[in-house]
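Residue-level structural notes
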Amino acid sequence: MKKTTIQRMAMVMALTVTAGMTFTGCAGGTKQAAGTTVQENQEGQTEAGGQKEGSYGKISVMTYDRGTINSSEGTMTDNRWTKWINENAPFDEVTFVAVPKAEAPQTMSNLFSAGEGPDVVATYEDTLPFVNNGMALEITDEMLDKMPNYKRMLEEYPIIDKLCKVNGKRYRIGKMANVLPNHTIVIRKDWLDNLGLSIPETPEELLEICRAFTEDDPDGNGKDDTWGISMTTDTQRILAHMWGFPSPEKYTMKDGELTYVWDRMESWLEYTKKIIDNGYVNPDFLTMKGDDDRADFLNGKIGIYGNGRFSQVNTSIYKDFKASNPDGQLDTFPLPETEYGTYIGYMNGGPNIVGFINAETKNVDGALAYINWLCDPEVSEYLMYGEDGVYYTKDSEGTHVVVDAAKNEVEFNYASDYSIIKNELFTGSENPVNIHADDYYNQYLKSDDPVMHEFGDLYYKMALIVNDTQAIEPRKWQQALPVLPTELNIIKATADPQTNEKLDSLKAGLANKDLSAHEIMENVKKAWYDAGGQKVEDYYRQYYKDAGADALLAEDYDALKDQPVMTENARKNSQMAKEGKLSLR
């Protein structure tokens, strides 16, 4: 596909912007053992046994490299799991292109700018810039018919298709999962008890707890050595959500009209400045990145901690906390209601965009076949859990329970990104499926580790909060913003980084007591509108007016929320179950 100079310019600018501003949120079937093969049946589905038949030739696929693979396993492009895929998928060869997770947006941008993008892109990154710049193949209804496993998922969950379409055309690949927490916030319950305080229910109560955890010696050691709350990126995002301020896109629907959230941004900033100006955070927060404040939390120096790691399987953070603070107790809480409503932190699950097909692939049918193969319920289950009894075993309630955590750490945990594209709820499976059996809280509560039983209860409460139908997730629906015309795409590619640069400088502004939230926000707004941001706003606003019921909105996600289900055997190890506290209210 030839591209004009202006198109190439727009592509490079937009993809570079994405590399700088994308926020991501983040993954593990019983099938035949490694070494056997899969052949395609007449309906296009796959079944175990026999030799490969009807090979689709060669295909290249993106995967992440998170730096977690043990050297004994090989590399992310050559290991036991890539070998299994090559032995079982209907291809002569599946080649993997490993992209460093920490540098994924920029690396993907470089690959596509150089014309070296893989045929199938499996990713958690923002895919809209690739659609905007003609890098993603439109998947027509005729192509969809060649992916019966994937098509069945779309028929079962139409919201996937709604999410994956841009300007009415299908460009992206999606999946469906139970709604579970991503970014969450925890609080030292033992500190609350020591000070005679309760879980915060209002922004004012939260602010007072931040003060008390800083000034009133919550750990009782007689030293002035604690801070109320963490203030690195994850916590800032969670507090932003409390005020209905999402990222990376910053819109809301108000009275049926798409609106930029300037007022919410200023409210968030004003509230956050109160926390910082009063000294309730580590003063070194300006130089901290990601979860640099984890050590302060693990060492018992932070009372309220926001993080995206608590809600992910294969993390040791809770165990590390208990090892350092054996008497420490953690709880979680819904974000307090503000003048803009009640919101939740980042959501995992529901419909998610998980990739696209390279518009310049020379093997379209092969790309379709690979996605269809991944969405076979048996293939998905195998790539998520491995051979039954080796890494996980499925119990009588349908929960996959870890067999040997140490073995998994070496041989299995690094492989989750080979199944970013998958049939996670096993739609179309011939066997009955309890779709909640594998929710992490059930896995944790069924482990042999009492510490993980505690975490199972904590995670269950996090799941209750994120599935609260009275609270809104303000971010995910904006994944379906429309493709901008070339001129506006260039404006956005200029306006976004200038605006985000101003937002990034807010950290300096946050630490300046003499600079008001209003003054900071006026500078941010000026950067956006001076770069032409009003035209972008107007285009998006008109799109949503014209789209009507076809537009994806926050309410579509609310409809997917479901009461978490703790299985009977999991309840045996649950203190919440014993106390009859399995609902949020």
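All of the points below concern the structure found in this document. (Residues numbered from 1 in each chain as written. Predicted model: local features only at pLDDT ≥ 70, side-chain atom pairs only at ≥ 80, totals over all residues. Heavy atoms only, no water.)

**With respect to the overall build of the protein**
The helix and strand inventory of the protein stands at 25 helices and 17 strands. Of the roughly 23,600 Å² that the protein leaves accessible, carbon and sulfur atoms contribute 47%. (Helix = DSSP H or I, 4+ residues; strand = E, 2+ residues; numbered from the N terminus. Areas by Shrake-Rupley, 256 points an atom, 1.4 Å probe, with all protein chains shown as cover.)

**With respect to the packing of aromatic side chains**
Using the criterion set out here, one finds 37 aromatic pairs in the structure. Ring geometry for W81 and Y391: centres 5.9 Å apart, planes at 45 degrees, overall tilted. With a gap of 310 residues between them, W81 in helix α2 (residues 80–88) and Y391 in the loop between α15 (377–385) and β16 (392–394) connect regions that are remote in the sequence. Y391 shares its class with W81; the two are buried. (Phe/Tyr/Trp six-rings, centres within 6.5 Å; stacked < 30°, edge-to-face > 60°. Buried < 20%, exposed > 50% of the residue type's maximum accessible area, 1.4 Å probe, protein only.)

**Topic: the packing of helix α11 (residues 262–277) against helix α21 (residues 517–530)**
One way to put it is that α11 packs onto α21 with a least axis distance of 9 Å and a crossing angle of 145 degrees. Relative to α21, the crossing made by α11 is right-handed. Residue-level inspection shows W262, M265, E266, L269, E270 and K273 of α11 in contact with α21, the latter providing A517, H518, I520, M521, V524, K525, W528 and Y529. In terms of residue class, the contact of α11 with α21 is made up of nine nonpolar, one polar and four charged. (Axes fitted to C-alpha atoms, helices over the stretch in contact; angles between N-to-C directions. Left-handed = near helix turned anticlockwise from the far one by under 90°. Contact = heavy atoms within 4.5 Å. Nonpolar A, V, L, I, M, F, W, Y, C, P; charged D, E, K, R; others polar.)

**Concerning the environment of V483**
Here V483 shows up in the loop between α18 (450–466) and α19 (486–504). Between the C-alpha atom of V483 and that of N132, which follows or precedes it by 351 residues, the distance is 5.3 Å. Ignoring anything within four residues of it in the chain, the contact list for V483 reads L128, V131, N132, V166, N167 and Y539.

**Some words on the nonpolar core**
Formed by 134 residues in total, the largest nonpolar core has its most connected members in I85, Y150 and Y370. Beyond its immediate chain neighbours, meaning those up to four positions away, Y150 contacts L144, I160, C164, R172, I173, G174, I371, N372 and C375. Within the second largest apolar cluster, 28 residues are counted, among which are L180, V186, L330 and Y441. (Core = buried A, V, L, I, M, F, W, Y, C linked by side-chain atoms within 4.5 Å.)

**What to know about the pattern of salt bridges**
For the structure shown, the criterion picks out 41 salt bridges. Between E454 and K322 there is a salt bridge, with the nearest N and O atoms lying 3.3 Å from each other. Highlighted residues: E454 in helix α18 and K322 in helix α13 (residues 317–324), separated in sequence by 132 residues. Relative accessible area serves as the criterion here: at 36%, E454 is assigned to the partly exposed category. For D468, the salt bridge is made with R585, and the minimal N-O distance between the two is 2.8 Å. Taken together, the residues D468 in the loop between α18 and α19 and R585 in the segment after α25 (575–578) connect sequence positions 117 residues apart. According to the relative accessible area criterion, R585 is exposed, its value standing at 62%. Because the salt bridges share partners, they merge into one network encompassing E257, E537, D538, R541 and K545. (Salt bridge = Lys/Arg side-chain N within 4 Å of Asp/Glu carboxyl O.)

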